[in-house]
Amino acid sequence: MAGKKLGFYVFFIPVFLWLFLLIVVPHIELFLMSLRTEDWVGNTSWSLANYKNFFSEPIYWLTFVRTAIYSILVTCITAIIAFPVAFFITKVANPRFSGFLAVLLLMPFWVSELVRVYGWMILLRESGVINHFLLQLGLISKSVEMLYNDISMVMVLVYTSMLFMVVPLLSVLESLDDSLIEAAYDLGASSWTILTKIILPHSKPGLTSGAIVVFMLTLGNYLTPNLIGGKSSLWFTEQIYTQFIASFNWNQGAAFGFLLLALSSLIIWIGLKLTRQNLTKVVQ
Amino acid sequence: MVVDLKVEKVSKVFGTFKAVDEVSFEVVSGNFFSILGPSGCGKTTLLRMIAGFLEPTEGQIYIRQKLVNGIPPNQRPVNLVFQNLALFPMMNVFENIAFGLKRRKVEKKVIEAKVKDILARVGLSGFEKKKINELSGGQKQRVAIARALVLEPSVLLLDEPLGALDLKLREQMKVELKKLQAEVGTTFVYITHDQSEALVMSDFVAVMNKGRFEQIDTPQNLYRSPKTAFVAKFVGDNNALEGEMLKKEGEMVLVSAYGHEFWVRAGSYRLGKKISVFIRPESFLLEPEENLSKVNRLKVKIKDILFDGANSKLLCLLPAGPEIMVALPQNKKFAHLKPGDDLNIGWFYEDSLAFS
Amino acid sequence: MIRTLPHSKSYSFLFKLYIVLFYIFLFAPLLITCVLAFNNSDFPSLPWKGFSLDWFLAKGPDRVGIFYDSNNLRSIWVSIKTALVVSFFSLVVGTMGAFLFEQENFRFKQALYMLTLAPLVIPGVILGISILLASNGLGVFLENHFGWDVSLLAPGFWLVVLGQFSFITTFVVLVVSARLKKFDRTLEEAALNLGANRWQVIWHITLRYLKPSLIGSGAVAFLMSFENFNTTLFLVGSEPTLPINLYLQVRDGSTPVINAISFLMIVFTSTLALINLYFSHKKE
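First, a word on what this report is: a plain description of the structure on this page. Predicted model, so just to flag it, every value in this text is computed and none were measured. (Residues numbered from 1 in each chain as written. Chains lettered and ligands numbered in written order. Predicted model: local features only at pLDDT ≥ 70, side-chain atom pairs only at ≥ 80, totals over all residues. Heavy atoms only, no water.)

1. Section: the sheet that holds strand β15 (residues 285-286) of chain B
Remark on secondary structure: sheet strands pair via backbone hydrogen bonds, oriented parallel or antiparallel. All names here are of chain B. Pairing in this open sheet of five strands is antiparallel, and the strands run β15-β19-β16-β17-β18 from one edge to the other. Each edge of the open sheet carries a strand with a single partner, namely β15 and β18 (323-327). With five bridges joining them, strand β17 (residues 313-317) and β18 adopt antiparallel strand pairing. Each residue of the ladder has a partner; that of Leu317, found in β18, is Glu323. (Pairing = 2+ DSSP bridges. Helix = DSSP H or I, 4+ residues; strand = E, 2+ residues; numbered from the N terminus.)

2. Here's the deal with the environment of Val122 of chain B
Residues and elements named next belong to chain B. Looking at where Val122 falls in the secondary structure, it is placed in the loop between α3 (108-121) and α4 (137-149). For the pair Val122 and Leu177, spaced 55 residues apart in sequence, the C-alpha to C-alpha distance is 9.3 Å. Non-local contacts of Val122, meaning those with residues more than four positions away in its chain, are made with Arg142, Ala146 and Leu180. (Contact = heavy atoms within 4.5 Å.)

3. Regarding the packing of aromatic side chains
Within this structure, the stated rule accounts for 49 aromatic pairs over all chains. Ring centres of Phe25 of chain B and Phe33 of chain B lie 5.0 Å apart, and the angle between their planes is 5°; on these two criteria the pair is classed as stacked. By relative accessible area, which is 5% here, Phe25 of chain B ends up buried. Note on Phe33 of chain B: relative accessible area 2%, which makes it buried. Pairing Phe226 of chain C with Phe268 of chain C gives two aromatic rings, centres 5.9 Å apart and planes at 55°, and the pair type is tilted. (Phe/Tyr/Trp six-rings, centres within 6.5 Å; stacked < 30°, edge-to-face > 60°. Buried < 20%, exposed > 50% of the residue type's maximum accessible area, 1.4 Å probe, protein only.)

4. Some words on the packing of helix α4 (residues 109-121) of chain C against helix α6 (residues 157-181) of chain C
Residue and element names in this part refer to chain C. At a minimum axis distance of 8 Å, the contact between α4 and α6 shows a crossing angle of 120°. Judged by the twist between their axes, the crossing of α4 over α6 is left-handed. In this structure, α4 uses Tyr113, Thr116, Leu117, Pro119 and Leu120 to contact α6, whose residues at the interface are Ser166, Phe167, Thr170, Phe171, Val173 and Leu174. Classifying every residue of the contact of α4 with α6 gives eight nonpolar, three polar and no charged. (Axes fitted to C-alpha atoms, helices over the stretch in contact; angles between N-to-C directions. Left-handed = near helix turned anticlockwise from the far one by under 90°. Nonpolar A, V, L, I, M, F, W, Y, C, P; charged D, E, K, R; others polar.)

5. Considering helix α11 (residues 236-246) of chain A
Of all eleven residues making up α11 of chain A, eight are buried, and the element is well covered by its neighbours. What α11 of chain A keeps buried is the set Phe236, Thr237, Glu238, Gln239, Ile240, Tyr241, Gln243 and Phe244 of chain A.

Okay, here's the thing in structure tokens:
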């Protein structure tokens, strides 16, 4: 039927244009740019120089490795902190409050990331609120700078990405039938057995999708490492920013961007393989 | 006689599966026509082809003498009452019924009058502003029918619309639907797997099996003179005795089964072949008098009494044979029967039918 | 273990303590940010020097409240404009995508769907630089070959819109698809049977059914656009959006006017989130 065909194209063309022009073409362009270099007169040519630079400068690849390891660490900590919270809300809390608790949990994350990071800066810095209270209580005699170190940076990264772990966990635990836990208990299982044999296997899809999003967001985060970690944060996105905005070396920046994209895709792919999930399922 | 719907050698093939197999029939204007068959027999496929949601692989469909093959569903002069009713939950009763009229750009005043009129017809006056989820099952039913009828279709198609109702309401709606059809005079084509619905309401019933029509007939004829073994089994309750055919005399055949010999009316048969004899539970005579002629006689043992008011039955055992259901009239004469008793039963030759 | 099973007092006490600490962790930075917006001090820090609305209402010259801070007001206006345009286009294309993936069948549907999900796993920074590179490449090409100077392709309002649109649309597709999946398609057949054409069916039946999810995803799209930082960072021109503008101020030292803006943002987003929540509950 002609009408049916027309309907299909009305839907298909905008969606295709969106994905092709804004996702496919730009990433091809990113890859092509990363393979070109500009000499001092401004002529460009194909070369692998940008990638060679990356491997020959320890500061680049060390930053890269550091970013990857810290992102994995942040993902694990987020999962460990979020899991009991999601479990409490869905299974332990009085059902009358659990809806309220869940809404309360989501509220901070509707607020811009910048505002959240700014809040932590006010709390942590040398003239900050925590220092003020510690001085008042006499626990310390002189203000301590709590910003610009790795521990604070990891903490705020965990804070920033908490939502994306809690939400999938809430929905996956919501779908776990209480009677399964009751049955296991009735059959004599210990709490540990119930956790490892029933609850965790059931939560795997939620845990995977949460981990993917948290990892991706942490890896690509710029604000938190920049503002909380400061000069010493050595986050790979800052290298990209430097190449693009400060050095104006777009080809080098494109190579860094492509490496970051490759890293994030690779780790997500490994994560999916290890947990035997696929992306389409994880999204739902 | 005006023919409203004519289906000519229509087939529908899905992959290698033939869902509808060369079906032909005609429905005369004003008739209530039912298509009766078990689930998966192809009746819904047939209906969807008439409505235009499916195109036949072969054959023609005419509505009021006009070929409708290839015409999309929104341009066919038929309307469908869906199995799940498909009332629009985001609209109220008025908006639901007015939906089709609005699409035809009927004037607002006319729409209001027509909706009011049709609501009165289905006994729902004043329900215009009600939300769909505020209605009971029976009321939803009537809104769905009103929504289709208000467009004054040449043919109204109904796809098992009573299926979702509970038993009591279904009995009541059967009668109502029949009355409504007689009143509005629209041609109804009704699909169901429930033989009682088809028998009670229809002028004509087509029994469908495995994509084919087995028999098209009035309800009375279907019941009394089924043309195939399938119809005999599917329409009404029936006992089936397996036997062998011995000889034929006119309309009658002699059958041997479980060590007895019976005279039976011939349906379709082949000499010397295995044959099934069908006898309805209510055809049995309990303790038939000796002087009755043309009666087959049997001695059985009562295994159980299935009490169901006017529908009560005896479950009897034929020595070396199958269980036989016998209708048990609820009167004093047979009140003494109890399980374990021996019982003489019999039936007139012409009350049984044989098919091979 | 769960609410229906017996458990020890210490288990439940420790669990509750953990949850309380978690919520303090969650809300401390936001609360302190809000409180310090009303402190009568020149710095966003304690001690408390009394209540003041200076950071909202002061006209200068020493203190300039947010309502007279033309720089920040301009960036708020830019953000609102951007968010309106982005949420409109994402809603339109995203809904088309939902229809395409839920109701149509075509070759490479699975591949196109994977591409639709791709923005979920591409770090925002990468999306930003790829689009920057591609549009710059196109701009250079047009100028060299046709002598056209297309200002739309330079960093600025429309490039930010494109960048945000490219990933926010994915969220709209997911939210709208989820509801469209539950749609009973016999309703569409019923409408067709009553004489409606395909567009009337979509307009009167399907879109009306989708309305709650359209409102919901429109609100989410607005918020995501309003607070986006990572993708916007590389695409922004001379008119920064609010998060970028705040970042520049926070990086170079801060005044309580940032707290005032944060307070307004928290109030605004919470309200929007609550309205959204109310609508999504109503549809249940």
